[in-house]
Amino acid sequence: MSDLKPDYRPVGYSRAVHGFALALTLSVFPLIWVGSLVTTYDAGMAVPDWPTTYGYNMFTYPLTTWLYGPFDLLAEHSHRLLGTVAGMLTIGLVLSAWKFDSRTWFKWWTLIVLLAVIGQGLLGGLRVRWDARTLAMVHGCTASLFFAMATSTAVMSSKFWFHADGRLWSTGSLARWTATLMALLSFAQLTVGAQLRHVTGGASPQFFAGSVHLHLTLAGAIVLLSFVLWSSTTQVAAPPTRRSALGLVLLVLVQVALGIGTWLVNYALPWPELNEFLARYTIQAKGYAESMVVTAHVATGSLIICFSTVATFAAWRTRAVRATRPEGTWQWKKQLA
Amino acid sequence: MSGKALLFLKRLTSRLTNRLTNLLTWGATLGGAIALSGLVGCEVPVATFQPNKLQATVLGEKNSIDMSPATAEVSAALEELFGTPDDPRWPAALMEEEHLAKLVDMERLQRAAGAVRSDEQDQHFGLYREHCVHCHGTSGNGLGPTATFLNPYPRDFRLGVFKFKSTPFGRKPTRTDLTRLLKEGIMGTSMPSFRLLKDDELESLVDYVIYLSARGEVERKLLASSTELDFTDGDHLYDPSIKEKDPDEFEAQMEVINEIVIGVAESWDKATDQAITVAAPPEDYPLFTRDVGGSPEVYGKLEESIASGRKIFHGNVANCATCHGNTALGDGQKNDYDIWTKDWLQALNLDPKNREQISPYLKLGALKPRNIVPRNLRSGMYRGGSQPVDIYMRIVLGIDGTTMPAAAMKPQNPLGLSENEVWDVVNYVLSLPYEHLSNSAASVPPFAREKP
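Everything numeric in this text was worked out from a predicted model, so none of it was measured.

*Asks:* Account for the overall build of chain A, with residues named and values stated.
*Replies:* If you tally the helices and strands in chain A, you get 12 helices and zero strands. In summary, chain A has a C-alpha radius of gyration of 22 Å against a globular reference of 20 Å for 337 residues, a match within 12%. Overall, chain A is about 65 × 55 × 30 Å in size when its C-alpha atoms are taken along their principal axes. Counting all 337 residues of chain A, 58% fall into the buried class. Partitioning the intrachain contacts of chain A with sequence separation of at least 6 by distance along the chain shows that 77% fall at a separation of at least 24. Accessible surface, chain A as shown: approximately 14,700 Å² in total, 70% of it carbon and sulfur. Within chain A, one finds 24 positive and 13 negative side-chain charges whose respective centroids are separated by 14 Å.

*Asks:* Which residues make up the interface of chain A and chain B, and what are the values?
*Replies:* Contacts between the two partners involve 62 residues from chain A and, on the opposite side, 61 residues from chain B. Taking both partners together, chain A and chain B bury about 5,100 Å²; carbon and sulfur atoms supply 61% of that area. Applying the counting criterion to the chain A and chain B interface returns one salt bridge. Close ionic contact of Lys 286 of chain A with Glu 130 of chain B constitutes a salt bridge, the shortest N to O distance being 3.1 Å. Inspection of the region where chain A meets chain B yields 12 residue pairs in polar contact (both at pLDDT 80 or more). Across the side of chain A that touches chain B, the residue classes break down as 37 nonpolar, 16 polar and nine charged.

*Asks:* If you had to explain the confidence of the model for chain A to someone new, which residues and values would you point to?
*Replies:* All names here are of chain A. Across chain A, pLDDT averages 90, with 90% of residues at or above 70. Mean pLDDT values for the elements of chain A range from 48 in helix α12 (residues 326-336) up to 97 in helix α3 (residues 71-100). Within the model, the stretch residues 326-333 combines pLDDT values under 50 with nine contacts to residues more than four positions away or in other chains.

*Asks:* I'd like a description of the nonpolar core, backed by residues and values.
*Replies:* Tyr 208, Val 218 and Leu 222 of chain B are the most contacted members of the largest nonpolar core, which totals 57 residues. Here this core takes 12 residues from helix α10 (residues 199-226) of chain B, the largest share from any one element. In this structure, Val 28, Val 117, Phe 147 and Val 192 of chain A belong to the second largest nonpolar core, which totals 45 residues.

The rules behind these values
Residues numbered from 1 in each chain as written. Chains lettered and ligands numbered in written order. Predicted model: local features only at pLDDT ≥ 70, side-chain atom pairs only at ≥ 80, totals over all residues. Heavy atoms only, no water. Helix = DSSP H or I, 4+ residues; strand = E, 2+ residues; numbered from the N terminus. Rg over C-alpha atoms; globule rule 2.2 N^0.38 Å. Buried < 20%, exposed > 50% of the residue type's maximum accessible area, 1.4 Å probe, protein only. Contact = heavy atoms within 4.5 Å. Areas by Shrake-Rupley, 256 points an atom, 1.4 Å probe, with all protein chains shown as cover. Lys, Arg positive; Asp, Glu negative; His and termini not counted. Charge placed at Lys NZ, Arg CZ, Asp CG, Glu CD. Buried area = accessible area lost by both parts, 1.4 Å probe. Salt bridge = Lys/Arg side-chain N within 4 Å of Asp/Glu carboxyl O. Polar contact = N/O pair within 3.5 Å; in protein donor to acceptor, adjacent residues only side chain to side chain. Nonpolar A, V, L, I, M, F, W, Y, C, P; charged D, E, K, R; others polar. pLDDT = per-residue confidence, 0-100. Core = buried A, V, L, I, M, F, W, Y, C linked by side-chain atoms within 4.5 Å.

What follows is the structure in structure tokens.
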């Protein structure tokens, strides 16, 4: 069985490139969390200028006002600074990829990631400059898309990617397509969720009701898909797909609980006299617990997209190699026998 | 075909399939993402007041007239009087009267209006859109995007009717009533507590609620008064084009409009003087929340008070059991509707259960009729406040817009309740969550237990 164990450092793998990709992915999650906090507290316009912060270069903005000033300002300015961290890490990724990675397509891909992070920053900036809530909504949706891009880059630069030669792992088509569908539906779900979160007084009740029903339908589909993915990933499926599938089941269950909590802390339940707690509960506007539940719901949503991306890319990678090197599968079967 | 060529063909097909699948996956991902992000912008601009189409239609059908010219002129008059959601105004006629000008503070009104933003000093602007618009709507019509999901529906300010207040039935609330409601929220409903907001922010929101309510009530009254005009015969409610040509006629139009505006503002101004002050019960009077666990003597008095309250609750004067039920579970009369629903249902004598009949009005902004359910007094949830004084006020003042009437009181009504009797009912109501359900049957008058 020791033959099956991959080498420590496969050919083509670069620790620097993967390190940057991983750091970028890890930096995007808190960025989304804080961005979501900005929306929860309606703090998008807490700093009216961009790229400066109240006339200061954003890096030289006084620490005391940032940290001890209004909470809205803390959230918005922190979001901007975290955004620049993601930007720097993307530049590091591009430089390291062009220096160390031999794959031409990957080098170009990192440039696309760089363009995406610049675009995302611009969207955020224009949202402020134009005071446009719609742009804030788009910015929120594309944030998760960027998270998925960063995650896929981390997968494509990982040791697994270089080891996935089909001799070790084979992900079935059901798992592969389920993971893909899961990633797509999770993104659609987050987009619909963004509609609900950024809803303005101008939207009609019919529009809101339609969005709620779609959000619930997609939630049902995602719960179902997560269990299908989990049960269809066999022992020989790509390890990232396997692990992500388990993680997705857990995340989706947490997300359902957070979703119910989000509705409860925003609108209360429509049948309050169901039990004493609901009957006596008074929503606290901008309360800490309330805000954290809502923010966690958004952040977990983006984490589901992240995990689905890992599962999808790893699954297609093992399938892709198998297709191009059919003998690999044969050898693997022979070894198992 | 040789084996080599076959192998080549096999590999080529395999590569092509692989690339095609990748391309499709990427295409679907990016295409879907772009399409979804694009859909995100499908919303109506927020900064316009929606006209009261429902009332205009109801009035038009009731009087068999075309209300479109009236609606257009009312909208124009309202914009002149009250401005826009981004730039609100307090009518000029009210600014001329000191006591009416003071009803709202212009600086605070501006602060509550407009888009959401905040500054380095943590001053928040656009407060209404930050905290209220999602449920109460831009016009304060209770038709924000979330409205259909909420139970009870968000308040429509335009009728000028508010439930929980310290003024008599049918009167406007005081500023203190509104501020308190904002601070406390309403338990068991979607109305949150805004106690984390600063006092000046709450005051700004109160100003804006009064502004929206006054604007909405003026709109209703202007629409109603316009039914007396014959627009086809050249009558006008508000025609700014004659301002220069025929100033006398324009002034006459404004006089009618201003009379309505001042009438509405006066009703708000009087509220403070109309508020009742509830005197605390005498020191030796037992109050449920105050004296539970007191001396045996006090406890004995409390039991007596609760027993008296139970009797009044089921008696003919207070007659609480008719709606709240013999068990006080809120299972009495449950077929009625609140005033916001009756407003359009009764005007046209519509059957709320006839979907076909009501559906055209739902499209105009009416919300699906829901029966108004009396409070289950055993849940310990009192929406207007859970202090004894709050329950006292609900009994003597009633709840506006609902079927909860104000109790008949002595000495105005010799058959009514005395203050102590009201406190007895308060004690009984507050004791209900702790009373075993089986005990309630003993208190039910024999005739009420008889089956029809």
